[in-house]
Amino acid sequence: MFPHYDVIVVGAGHAGCEAAAAAANLGSRTLLITMNMQTIAQMSCNPAMGGIAKGQIVREVDALGGYSGIVSDRSMIQFRMLNKSKGPAMWSPRTQNDRHLFASTWREMLEQTPNLDIWQDSVTGLIVSRGTLQGVKTALGIEILGKSVVLTNGTFLNGIIHIGEKQFGGGRMGENRATGITEQLLELGFESDRLKTGTPPRLDGRSLDYSNMERQEGDDDIVGFSYLKTDKPSTQRCCWVTYTNDAVHEILKTGFDKSPMFQGRIQGTGPRYCPSIEDKINRFADKERHQLFVEPEGWNTVEIYLNGFSTSLPEEVQYKALRMIPGLENCKMFRPGYAIEYDYFPPTQLTYTLETKLIPNLFFAGQINGTTGYEEAACQGIMAGINAHLKVAEKPAFTLSRSEAYIGVLIDDLINKGTDEPYRMFTSRAEYRTLLRQDNADLRLTERSYKMGLARADRYLAVIEKQEKVAEIRKKMKNISFEPDQINPYFQSIGTSDLIEKTNSLKILLRPNVNLSDLIQYSDALKDLLKDVPRETIEQAEIQIKYDAYIEKEKELVTKANSLEELIIPENFDYENLKSLSTEGKQKFIRIKPRTLGQASRISGVNPTDIQILMVYMGR
């Protein structure tokens, strides 16, 4: 019934979908197994993609040839570029999405992907013989053979849902949990632990009074995620902002004695940067109010997602508290918020390719590695799918460094530092964020992906064309100058000092508050140069010109840091014989098995002296 697959992907969430698409598009015969074909690419929590640092990740996935950016663009109901008041390293795209359209678009794209089969079933275990991975076993009693397996189990591994004092098994509300996999992996020598996440109640939008809330419109200029030309909506849906208050907090406190989190029924650690509402009012007791975002779930539904009100308190307490929030005085709930606790496997058990160290050809991606967020899952999925294919095809692995992508930062953090709480990406985690901007992910990654065989030719040709046009703009702007009387009226309008002598346009563009779109109004030569040039190409040229000194300085830092990355540690290096190593350093080296001195230096608990000792013993 089933052929022998090259890659078997378990789970069809954001990680699983990207993994399956990547492996199949690279040419591997791929099988995607999901417990329910109606919930492929389900947005289990917030109906949105991107945001601070997360938007950069989606653009990187798109630049590599993944599907998340395209799907997000096709299903968006609102677009905003966050942090535009800051420098371009901080700009982060975000879409509000139609939940059902997002999932149906993903499924449609998967069904049109060659080499990809889909099977509805629950995987209960792996087929492993003498340390060799041979496939998976399912709840239907079927054994499916495969050369590699990617586990993307999300919150389903022994998942427990909590609402007040009620608890029941489930991987998501209304869906069964997955059992058997954790138990087998533990027998094989893996370590596991528990994490928890939560989601807010869903509300009936017809029962809300939006006149008591702040409007939050989308941007006039819809940029989107994908570097390909995708259809953008002609109109956008509005979101709203409201706030909790003391009355809300007092009602929520009445449920603390039945809170599964405060009463110890939840053992797993929750996300530090996305706490539940009860955790917020407990930890930040001095805060008089907390911001809430009222977000529509799609074009043709009245369902509302109350972002910022994640909770596992009893449903009656949730309901009473909601009705004390401005605009929600007469609200009706479609379903209450809940917390879910699940198994994960500390990611220090993985290599840079997301392959497990214990079982060759077994890969983990997504929340099984301790991350939280669709975007973090999607980028792990595409990397695991790529490397599962490459391993089976006996080709060199594909990895990204911290200076190449936010994806590289995320994976490096996970495998070297591990995580004991749900890991979320922030711009502050990337030390080279001036290089890792959302606007240049295609320039950084598409050529590498194209040469590997994943990114399509039209993507690569678009990058080449963009690079050439940016270089042309920079070159020709050197020969376009402004006279003082030509540009001073503009300078006076933006409050900057007058020009004293004739100056070329490159130097003028370096001034704060001066932008290229304004300058062309004062120069026919600039207007002719930029005529019919795409917006994103003009923006790229402007960023490169304005921030050239900062970009070059960061490149120098990367070059210095890379000197350690080039020092390879032999696979059979005997740390036990290095008596001068600290005990913690030695234990971490033996456990993680760093492949370079650079990786060794980033392991949590390793001190600089340990690295110097390693360098001496390696002849450096």
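Heads up: the structure comes first, above all this text.
Residues numbered from 1 in each chain as written. Predicted model: local features only at pLDDT ≥ 70, side-chain atom pairs only at ≥ 80, totals over all residues. Heavy atoms only, no water.

Draft legend 1. Inspection of the packing of helix H6 (residues 246-253) against helix H8 (residues 315-322) at higher detail. Across the interface, H6 lies against H8 with an axial gap of 9 Å and an inter-helix angle of 170 degrees. Accordingly, the angle class assigned to the pair H6 and H8 is roughly antiparallel. Here H6 contributes Val-248, Ile-251 and Leu-252 to the contact with H8, which in turn contributes Val-317, Lys-320 and Ala-321. Residues of the contact of H6 with H8, tallied by class, amount to five nonpolar, no polar and one charged. (Axes fitted to C-alpha atoms, helices over the stretch in contact; angles between N-to-C directions. Helix = DSSP H or I, 4+ residues; strand = E, 2+ residues; numbered from the N terminus. Parallel < 35°, antiparallel > 145°, perpendicular 65-115°, else oblique. Contact = heavy atoms within 4.5 Å. Nonpolar A, V, L, I, M, F, W, Y, C, P; charged D, E, K, R; others polar.)

Draft legend 2. Summary view of the sheet that holds strand S18 (residues 333-335). Read across the open sheet, the six strands follow the order S14-S15-S16-S17-S13-S18; overall the sheet is antiparallel. Only two strands of the sheet have a single neighbouring strand rather than two, namely strand S14 (214-216) and S18. Here the average twist between neighbouring strands, direction ignored, is 35 degrees. Looking at chain direction, strand S16 (residues 291-296) and strand S17 (residues 303-307) are connected through four bridges and run antiparallel. Along S17, the bridge assignment pairs Val-294 with Leu-306. (Pairing = 2+ DSSP bridges.)

Draft legend 3. The pairing of strand S10 (residues 160-163), seen in detail. Across the two faces of S10 the burial is the same, with Ile-160 and His-162 and Ile-161 and Ile-163 all buried. One ladder, built from three bridges, connects S10 with strand S19 (residues 338-344); its direction is antiparallel. Paired with His-162 across the bridge in S19 is Ala-339. Sheet analysis places S10 next to strand S11 (residues 166-169), joined by four bridges and oriented antiparallel. Counterpart to Ile-163 in the pairing with S11 is Lys-166. Linking S10 back to S11 in an antiparallel pair, the connection comprises two residues, with Gly-164 at a positive phi of about 60 degrees. (Buried < 20%, exposed > 50% of the residue type's maximum accessible area, 1.4 Å probe, protein only.)

Draft legend 4. Up close: the packing of aromatic side chains. As enumerated under the stated definition, the model contains 12 aromatic pairs in all. Here the aromatic rings of Phe-2 and Trp-119 are separated by 4.9 Å at their centres, their planes lie at 90 degrees, and the arrangement is edge-to-face. Of this pair, Phe-2 sits in the segment before strand S1 (5-10) while Trp-119 sits in strand S6 (residues 116-120), and the two are 117 residues apart along the sequence. When the centroid spacing of 4.3 Å and the interplanar angle of 10 degrees are considered together, the rings of Tyr-450 and Tyr-460 count as stacked. Separated by 10 residues along the polypeptide, Tyr-450 in helix H11 (residues 441-452) and Tyr-460 in helix H12 (residues 457-477) bring together distant segments of the chain. Looking at Tyr-450, the relative accessible area reads 33%, which means it is partly exposed. (Phe/Tyr/Trp six-rings, centres within 6.5 Å; stacked < 30°, edge-to-face > 60°.)

Draft legend 5. Inspection of the sheet that holds strand S5 (residues 92-97) at higher detail. Strand order in the open sheet formed by three strands is S3-S5-S4, and the pairing between neighbours is antiparallel. Strand pairing shows two members of the sheet lacking a second neighbour, strand S3 (48-50) and strand S4 (76-82), which therefore form its edges. Mean inter-strand twist for the sheet, computed between neighbouring axes without regard to direction, equals 15 degrees. Relative to S5, S4 runs antiparallel, the two being bridged by six bridges.

Draft legend 6. Quick peek at helix H19 (residues 583-592). Every buried residue of H19 is accounted for by Gly-585, Lys-586, Lys-588, Phe-589 and Ile-592. Looking down the long axis of H19, one finds its buried residues gathered within 165 degrees of arc, a one-sided arrangement. Looking at H19, the residues exposed on the side facing more than 90 degrees away from the buried face are Thr-583 and Gln-587. On its buried face, H19 is in contact with helix H10 (406-417), helix H20 (597-601) and helix H21 (608-617). Where H19 terminates, the next one or two residues include Lys-593, which has phi positive at roughly 55 degrees. (Arc of directions from axis to C-beta.)

Draft legend 7. Representation of the environment of Asn-607 in the model. Along the chain, the position of Asn-607 falls in the loop between H20 and H21. Judged by relative accessible area, Asn-607 falls into the partly exposed class, the value being 30%. A distance of 3.1 Å separates the side chain of Asn-607 from the backbone nitrogen of Thr-609, its partner in a polar contact. (Polar contact = N/O pair within 3.5 Å; in protein donor to acceptor, adjacent residues only side chain to side chain.)

Draft legend 8. Region of the structure containing the environment of Gln-236. Its location among the elements puts Gln-236 in the loop between S14 and strand S15 (239-243). Gln-236 sits in the partly exposed class, given a relative accessible area of 26%. Once the C-alpha coordinates of Gln-236 and Trp-299 are considered, the two residues, 63 residues apart in sequence, prove to be 9.1 Å apart. Discounting chain neighbours no more than four positions away, the residues touching Gln-236 are Ile-77, Gln-78, Phe-79, Gly-218, Asp-219, Ile-222 and Trp-299. Among the polar contacts made by the side chain of Gln-236, one reaches the main-chain amide nitrogen of Phe-79 at a distance of 2.7 Å. A distance of 2.7 Å separates a polar side-chain atom of Gln-236 from the backbone oxygen of Asp-219.

Draft legend 9. How the structure looks around unusual backbone geometry. The phi torsion at Asn-158 lies on the positive side, around 50 degrees, for a residue other than glycine. For Asn-158, the location among the structural elements is in the loop between strand S9 (143-151) and S10. Taking relative accessible area as the criterion, Asn-158 reaches 15% and is therefore assigned buried.

Draft legend 10. Representation of H6 within the structure. Taken together, the buried positions of H6 are Val-248, His-249, Ile-251 and Leu-252. Viewed along the axis of H6, the buried residues span an arc of 165 degrees, placing them on a single side of the element.

Draft legend 11. Quick peek at the nonpolar core. Core analysis: the biggest nonpolar cluster contains 95 residues, and Leu-151 and Leu-362 have the highest contact counts within it. Among the elements that make up this core, the one with the highest residue count is helix H9 (residues 374-392) (nine residues). (Core = buried A, V, L, I, M, F, W, Y, C linked by side-chain atoms within 4.5 Å.)

Draft legend 12. Spatial organisation of the pattern of salt bridges. Here the structure, examined in full by the defined rule, presents 37 salt bridges. Here Arg-459 and Asp-62 are joined by a salt bridge, their closest N and O atoms 2.9 Å apart. Of this pair, Arg-459 sits in helix H12 while Asp-62 is found in helix H2 (residues 54-64), placing the two residues 397 residues apart along the sequence. Across this residue pair, the class does not change: Arg-459 and Asp-62 are buried. Here Glu-295 makes a salt bridge to Arg-94, at a shortest N to O gap of 3.2 Å. With Glu-295 in strand S16 and Arg-94 in strand S5, this residue pair connects regions lying 201 residues apart in the sequence. (Salt bridge = Lys/Arg side-chain N within 4 Å of Asp/Glu carboxyl O.)

Draft legend 13. Spatial organisation of the state of the cysteines. The full count for this structure, using the stated rule, is zero disulfides. Distance from the sulfur of Cys-17, which forms no disulfide, to the nearest cysteine sulfur (Cys-379) is 15 Å. You can see Cys-331 has no disulfide; the closest cysteine sulfur is in Cys-239, sitting 18 Å from it. (Disulfide = S-S within 2.5 Å.)

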